[in-house]
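Chain residues, written in single-letter form:
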Amino acid sequence: MTDAGSSSPPEAPAGCPAHAGAVRLTGLEYQQTPSQLYREMRRNHGAVAPVLLDGDIPAWLVLGYSEVSYVTSHDELFARDSRRWNQWEHIPADWPLLPFVGYQPSVLFTEGAEHRRRAGVITEALEGVDQFELARDCQQIADRLISDFAGSGQAELMSAYAHALAMRAAVRMCGMPATGDDTQQLVEDLRISLDAAEGDDPVAAYGRVGARIQQLVKDKRDRPGPDVTSRIVLHPAGLTDEEIVQDLISVIAAAQQPTANWICNTLRLLLTDERFALNVSGGRLSVGEALNEVLWLDTPTQNFIGRWAVRDTQLGGRQIRAGDCLVLGLAAANTDPQIWPDSYVGAENAAHLSFSNGEHRCPYPAPLLADVIARTAVETLLERLPDLVLSVEPEELTWRPSIWMRGLTSLPVQFTPVVQ
Ligand code: HEM
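Residues numbered from 1 in each chain as written. Predicted model: local features only at pLDDT ≥ 70, side-chain atom pairs only at ≥ 80, totals over all residues.

The name an unreviewed UniProt entry assigns to the protein chain is Cytochrome P450, from the organism Streptomyces gilvifuscus.

Student: Tell me about the overall build of the protein chain, residues and numbers included.
Tutor: For the protein chain, the count of helices and strands is 14 helices and eleven strands. In terms of overall dimensions, the protein chain is globule-like: its C-alpha atoms have a radius of gyration of 22 Å, near the 22 Å expected for 420 residues. Projected onto its principal axes, the C-alpha coordinates of the protein chain cover approximately 65 × 50 × 40 Å. Buried positions account for 41% of the 420 residues belonging to the protein chain. Within the protein chain, counting contacts between residues at least 6 apart in sequence, those at least 24 apart form 72% of the total. (Helix = DSSP H or I, 4+ residues; strand = E, 2+ residues; numbered from the N terminus. Rg over C-alpha atoms; globule rule 2.2 N^0.38 Å. Buried ≥ 20, exposed ≤ 12 C-beta atoms within 10 Å, placed from the backbone. Contact = placed C-beta atoms within 7 Å.)

Student: I'd like a description of the site of the ligand, backed by residues and values.
Tutor: Ala-254, Ala-255, Pro-258, Ser-356 and Cys-362 are the nearest of the 28 residues found near the ligand. Among the secondary structure elements, those contributing two or more residues to the shell around the ligand are helix H5 (112-127), helix H11 (241-272) and helix H14 (365-384). For the shell around the ligand, the element with the most residues is H11, which contributes seven residues. Per-class residue counts for the shell around the ligand are 19 nonpolar, eight polar and one charged. (Near = placed C-beta within 6 Å. Nonpolar A, V, L, I, M, F, W, Y, C, P; charged D, E, K, R; others polar.)

Student: Requested: an account of the environment of Pro-367, with residues and values cited.
Tutor: Of note, Pro-367 is situated in helix H14. Of the residues examined, Pro-367 has 16 C-beta atoms within 10 Å and is grouped as partly exposed. Distance in space between the C-alpha atoms of Pro-367 and Val-418 is 33 Å, their sequence separation being 51 residues. If near-sequence neighbours (up to four positions away) are discounted, Pro-367 is found in contact with Phe-355 and Cys-362.

Student: How would you sum up the environment of Val-51? Please name residues and give values.
Tutor: Tracing the backbone through its elements, the reader meets Val-51 in strand E2 (residues 48-53). Of the residues examined, Val-51 has 26 C-beta atoms within 10 Å and is grouped as buried. Among all residues touching Val-51, those that are not within four sequence positions of it are Ala-22, Val-23, Leu-25, Ala-59, Trp-60, Leu-61 and Val-327.

Student: Quick rundown of the sheet that holds strand E10 (residues 389-390)? Include the residues and the values.
Tutor: If you walk across this open sheet you meet the three strands as E5-E11-E10, and the pairing is antiparallel. Looking at strand neighbours, the two that pair on one side only are strand E5 (154-156) and E10, the edges of this open sheet. Of the pairings in the sheet, the one linking E5 to strand E11 (residues 412-414) comprises three bridges and is antiparallel in character. Each bridged residue has a counterpart across the sheet, and for Glu-156 the counterpart in E11 is Pro-412. Along the sheet face, helix H7 (residues 157-173) touches E5 and E11 and points at about 65 degrees away from the line of E5. (Pairing = 2+ DSSP bridges. Axes fitted to C-alpha atoms, helices over the stretch in contact; angles between N-to-C directions.)

Student: Can you lay out the pairing of strand E9 (residues 325-328) for me, pointing to particular residues and giving the numbers?
Tutor: The side-chain alternation of E9 yields two buried faces, one formed by Cys-325 and Val-327 and the other by Leu-326 and Leu-328. The pairing of strand E6 (residues 304-309) with E9 spans four bridges and is classified as antiparallel. Bridge pairing links Arg-307 to Leu-326 in E9.

Set out below in structure tokens:
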């Protein structure tokens, strides 16, 4: 490893020779300036860096655009079933990444023909979502949420708006009403199981989510409607109720966090960057351009865990062993100097890897639906509260200490109170 200076990521002590000089991926300081971290890792390690996950568990972080594209399009070499990991004997039962890595019988971990069956059903069910109806539903959800805080002249938009809106939109697509006690309870349990706060019981909440989704599937078998759940239930592939429950939870979870962070990261850009004057009429760049720029520069799913090597192979000059874990460095790939040789990173097109790539990529109707949700959320907020500004200095905003999901800890704003 070359001289990296005092701000460099800490190296782990040499153990496994392949992981000599591996970079620990834990630590709050990285998340504030991840682009700098990725630059240093690329300089010191090349396109595929040895890293240590929580508990000093070794893995590879794939930083190069062409290497991430290669990994995601070669399922025969790099596959999704985490049971082939060669580190399981070192993973404690309370390992923090277990909820994302531990095998579940859902679409996320299936492979080959079984994955095509499960993902095909989800794709067709999502294709059936009418984008105009979704936009209308999202606008209603947004209007209600805004009305709850409009009179106070201030709000914390992460919790009061973005997370709540993305969750309700996902639940609504699946055929539940966007409001009501029942939906509220499910939304709250999903929040606890995906993003538990101090004092929450995520295991109990996850149990309640499973039971509620099971009930939803049963209801839709009895009385199907124009929604994602009914389309999955009625699909000729004939998924069992158990499979459907697993996959619906995956769809809702996959939709909620990234879409919520996409909304807030876009609002942050609009509120802090003078190219996007918040006065919409005075703005030179549009909300659509801000949404796209965020996908290139502050993408919600920064790093995705992952793929597991099917057999010994080579990648980016590294010797990868069968069962090694590869983390997809989607954010690093988006800013790879190989695709931005003049050290300028722009947002002219949609060739980023923010929705991943290949067989397991975010199923293709989903990015369009997420765009409808995020765009409606941002535009409705700016229309209802046109003089919205940050209530802290831009540099006081902090990012969550997670290398996985790029999102703010909070987004406090103020505006002229609106009397309803
Ligand atoms: C309506 C909103 C969304 C829905 C319904 C949705 C659904 C899904 C589903 C079902 C998967 C699993 C695919 C599989 O394993 O075959 C997935 C994967 C993924 N999604 Fe989405 N998603 C949404 C929004 C987003 C957003 C906003 C982002 C990021 C900007 C995103 C990024 C990803 C990524 C990175 C993966 C992992 C793909 C991989 O393993 O290579 N998704 N999504």
